[in-house]
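Take a look at the letters that make up each chain.
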Amino acid sequence: MVRQLWEVGILEVFLDGSFVEDKDHPNDIDGYFVCDASYFASGDLERYLNFLDPYKIWTWDSRTRRPYQGYLKKQLPMWHQYRVELYPHFGQSSGIRDVHGHELQFPSAFRQQRGSGQPKGIIQIVEVSQV
């Protein structure tokens, strides 16, 4: 998925550290990428990504969410294929609240555990050029 983002010009891709936490799905990875709002809003980003993806699963339409094999949490199609959900970030809030009820932007939201608000790591995935 990250390679597909790189191919369409999205270079800043971040994953939260939740893959090292105890949780229902230890392989459930969330992340975000920095992009231009107009690139996302026009639908061009989704179209270009689906052109590259053999499974055509790039969408952020909440109506496409469905539960996975008996778990209640509904996931986007990209999670069902890759076990990763990556969200576009262009300065908007994430829909995730801190322990005080304040809505967070993606960088802050992914630096804390959702249940406890405890800090956690976040990593940036960087393309290494071929030598």
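Scroll up to find the structure this text is about.
Residues numbered from 1 in each chain as written. Predicted model: local features only at pLDDT ≥ 70, side-chain atom pairs only at ≥ 80, totals over all residues. Heavy atoms only, no water.

Caption draft 1: Structural detail: the overall build of the chain. Assigned secondary structure in the chain consists of five helices and eight strands. Each helix (α) and strand (β) of the chain, taken in turn from the N terminus, gives the series α-β-β-α-α-β-β-α-β-β-β-α-β. Across the 131 residues that make up the chain, the buried fraction comes to 42%. The contacts in the chain between residues at least 6 apart in sequence include a share of 49% that link residues at least 24 apart. A total accessible area of about 7,900 Å² is found for the chain, and carbon and sulfur atoms account for 52% of it. (Helix = DSSP H or I, 4+ residues; strand = E, 2+ residues; numbered from the N terminus. Buried < 20%, exposed > 50% of the residue type's maximum accessible area, 1.4 Å probe, protein only. Contact = heavy atoms within 4.5 Å. Areas by Shrake-Rupley, 256 points an atom, 1.4 Å probe, with all protein chains shown as cover.)

Caption draft 2: Expanded view of unusual backbone geometry. The backbone of Lys-56 sits at a positive phi, close to 55 degrees, despite the residue not being glycine. By the element assignment, Lys-56 lies in the loop between α3 (44-52) and β3 (66-67). Even without being a glycine, Arg-83 presents a positive backbone phi close to 65 degrees. As for its placement among the helices and strands, Arg-83 is situated in the loop between α4 (77-82) and β5 (84-89). Residue classification places Arg-83 among the buried residues on the basis of a relative accessible area of 17%.

Caption draft 3: The arrangement of the pattern of salt bridges in detail. For the coordinates displayed, the defined rule picks out four salt bridges. A salt bridge links Arg-63 to Asp-61; the shortest N-O distance between them is 2.6 Å. Ionic pairing is found between Glu-103 and Arg-97, a salt bridge with its closest N-O pair at 3.6 Å. (Salt bridge = Lys/Arg side-chain N within 4 Å of Asp/Glu carboxyl O.)

Caption draft 4: Layout of the packing of aromatic side chains. Within this structure, the stated rule accounts for ten aromatic pairs. Considering the side-chain rings of Tyr-39 and Tyr-48, the 6.1 Å spacing of their centres and the 45 degrees angle between planes classify their relative orientation as tilted. What makes Tyr-48 partly exposed here is its relative accessible area of 42%. With centroids separated by 5.8 Å and ring planes inclined at 55 degrees, the aromatic side chains of Trp-58 and Trp-60 adopt a geometry described as tilted. Linked through ring pairs, Phe-33, Phe-40, Trp-58, Trp-60 and Phe-90 together constitute an aromatic cluster. (Phe/Tyr/Trp six-rings, centres within 6.5 Å; stacked < 30°, edge-to-face > 60°.)

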